Amino acid sequence: MTSPQPAETRTQKRSAQTATLAEIAREAGVSAPTVSKVLNGRADVAPSTRARVEELLRAHGYRRRRAESTRSPLIDLVFHELESAWAMEVIRGVENVARDAGLSVVLSESAGRLTPGRTWADQVAARRPHGVILVLSGLDESQRALLTSRSIPFVVMDPAGDPGADVPSIGATNWQGGLAATRHLVDLGHTRIGAISGPTRMMCSRARVDGYRAALETAGLPVDPGLIVTGDFHHEAGYRRGLELLRRPDRPTAVFAGNDLQALGLYEAARELGLRIPHDLSVVGFDDLPVARWVGPPLTTVRQPLMEMAEAAARLVLDLGREDRSSTATRVELATSLEVRSSTAPPREGQAVAG
């Protein structure tokens, strides 16, 4: 029986890695220390040189061994927009897991873009966090390659678009939530039901409206395109787009607002027009933010388990960073549920038909 030779194996692995780095340095026309600076995210490298080295690293499939680098005790949490109570629920969830793991959370924002800028990716590579969580955002191909080459795992929470089969993601049952919200209004007797969607570029927004359409079609009710307006998930959009719907001569008797912030904007529009909720107008939101229970009247909404989603994303990114775990992509959807409160009621007699 031949005994194993772990020392020899380690030497062979080191030689193969060294040869690869040396080849990259030769092909790039730079020194080995320059390649090392790029790998370590150092800022003192010319942008053109950095781009050339990064391209060669990707071409050679270079991946830093986890044992080579000391990770910072951090999780990077990236929002496409960092505002509102919605973001606070996500931050709390990630913080819960990070605290238990002895880690801190670094927050950043991509200023409304669906992918962070290149400067952000270089900064993350230099920080070497335990992992990256992107919320309503994503990474382009070069950013994925950069993080992968540094063995920095990443997870997308509530992806804006299709993240791809190889990208771990955590989401919610948005279609089912839109279906449940609209079916609740149909069951109350409403037949003219409006919808204020979120941005059409976001997958969660499209799924909620698809669920709304499915509920109407299943009930044998027509889907009126004029009753579907597009918002941006902010309070102001709920107010402005709500006014459009409520000023129609055949206004809806109920509205699925797409998220809680837009629902609160719709409340304001209804008050301005002298409409009482739920006597004149039923409203359903989506998210179940803490404020939904305290507005007047308390908001019927679809509960999206934001804190639980954030906790699941944090646990997943830490699991993916462990040596004994496979990097196979994982896609998880947490269930939504309808929370019925006081903002919905049957339409007044004759209102369901006449509007």
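Just so it is clear, the structure is predicted and the values come from calculations on it, not from any experiment. (Residues numbered from 1 in each chain as written. Predicted model: local features only at pLDDT ≥ 70, side-chain atom pairs only at ≥ 80, totals over all residues. Heavy atoms only, no water.)

*Asks:* Explain the side chain of threonine 300 to me, using residue names and the numbers behind them.
*Replies:* Mapped onto the secondary structure, threonine 300 falls in strand S10 (residues 300-303). Here the side chain of threonine 300 touches threonine 344 through a polar contact of 3.1 Å, side chain to side chain. Leave out the neighbours within four places in its chain, and threonine 300 touches His184, Val283, Val284, Gly285, Leu338, Glu339, Val340, Arg341, Ser342, Ser343 and Thr344. (Helix = DSSP H or I, 4+ residues; strand = E, 2+ residues; numbered from the N terminus. Polar contact = N/O pair within 3.5 Å; in protein donor to acceptor, adjacent residues only side chain to side chain. Contact = heavy atoms within 4.5 Å.)

*Asks:* Residue-level account of the packing of helix H7 (residues 174-188) against helix H8 (residues 203-218), with values.
*Replies:* At their nearest, the axes of H7 and H8 sit 7 Å apart, and the two run at 40 degrees to each other. Seen from above, H7 lies across H8 with right-handed handedness. Residue-level inspection shows Asn174, Trp175, Gly178, Leu179, Thr182, Arg183 and Val186 of H7 in contact with H8, the latter providing Cys204, Ala207, Arg208, Asp210, Gly211, Tyr212, Ala214, Ala215 and Leu216. The class makeup of the residues in the contact of H7 with H8 is nine nonpolar, four polar and three charged. (Axes fitted to C-alpha atoms, helices over the stretch in contact; angles between N-to-C directions. Left-handed = near helix turned anticlockwise from the far one by under 90°. Nonpolar A, V, L, I, M, F, W, Y, C, P; charged D, E, K, R; others polar.)

*Asks:* Would you mind going over the packing of aromatic side chains in detail, with residue names and values included?
*Replies:* In the structure shown here, the tally under the stated rule is one aromatic pair. Seen from their ring centres, phenylalanine 256 and phenylalanine 286 are 6.5 Å apart, and the 50 degrees between their planes marks the pair as tilted. Here phenylalanine 286 lies in strand S9 (residues 282-287) and phenylalanine 256 lies in strand S8 (residues 254-256), a separation of 30 residues in the sequence. According to the relative accessible area criterion, phenylalanine 256 is buried, its value standing at 2%. (Phe/Tyr/Trp six-rings, centres within 6.5 Å; stacked < 30°, edge-to-face > 60°. Buried < 20%, exposed > 50% of the residue type's maximum accessible area, 1.4 Å probe, protein only.)

*Asks:* Tell me about the sheet that holds strand S12 (residues 337-339), and name the residues and values.
*Replies:* In space, the six strands of this open sheet follow the order S7-S6-S8-S9-S10-S12, with mixed pairing throughout. This sheet does not close on itself; its edge strands, each paired only once, are strand S7 (228-230) and S12. Ignoring which end each strand starts from, the neighbouring axes of this sheet average 20 degrees apart. On top of the sheet, H7 reaches strand S6 (193-197), S8, S9, S10 and S12; it is set at about 165 degrees to S9, its chief contact. H8 contacts S6, S7, S8 and S9 of the sheet and is inclined by roughly 170 degrees relative to S6. (Pairing = 2+ DSSP bridges.)

*Asks:* Report on the packing of helix H9 (residues 235-246) against helix H10 (residues 260-272), specifying residues and quantitative values.
*Replies:* At a minimum axis separation of 7 Å, H9 and H10 run at an interaxial angle of 45 degrees. Overall, the two elements H9 and H10 adopt an arrangement that is oblique. Our pair here, H9 against H10, has a crossing hand that is right-handed. Residues His235, Ala237, Gly238, Tyr239, Gly242, Leu243 and Leu246 of H9 form the contact with H10, whose own contacting residues are Leu261, Gln262, Leu264, Gly265, Leu266, Glu268, Ala269, Ala270 and Glu272. The residue inventory of the contact of H9 with H10, partitioned by class, reads nine nonpolar, five polar and two charged. (Parallel < 35°, antiparallel > 145°, perpendicular 65-115°, else oblique.)

*Asks:* How would you explain the side chain of serine 197 if you had to name every residue and give the values?
*Replies:* Examined against the element boundaries, serine 197 turns out to sit in strand S6. Every residue in contact with serine 197, bar those within four places of it in the chain, is listed here: Ser205, Val209, Val229, Thr230, Gly231, Asp232 and Gln262.

*Asks:* Give a detailed account of the pattern of salt bridges, specifying residues and quantitative values.
*Replies:* Opposite charge on two side chains permits pairing when their charged atoms draw close. Under the defined criterion, the tally for this structure stands at 15 salt bridges. Note that aspartate 280 is salt-bridged to arginine 276, the shortest N-O span being 3.4 Å. Arginine 303 is paired through a salt bridge with glutamate 308; the nearest N and O atoms lie 2.8 Å apart. Given a relative accessible area of 30%, glutamate 308 falls into the partly exposed group. Put simply, Arg192, Asp224, Arg248 and Asp250 are held in one network by salt bridges that share partners. (Salt bridge = Lys/Arg side-chain N within 4 Å of Asp/Glu carboxyl O.)

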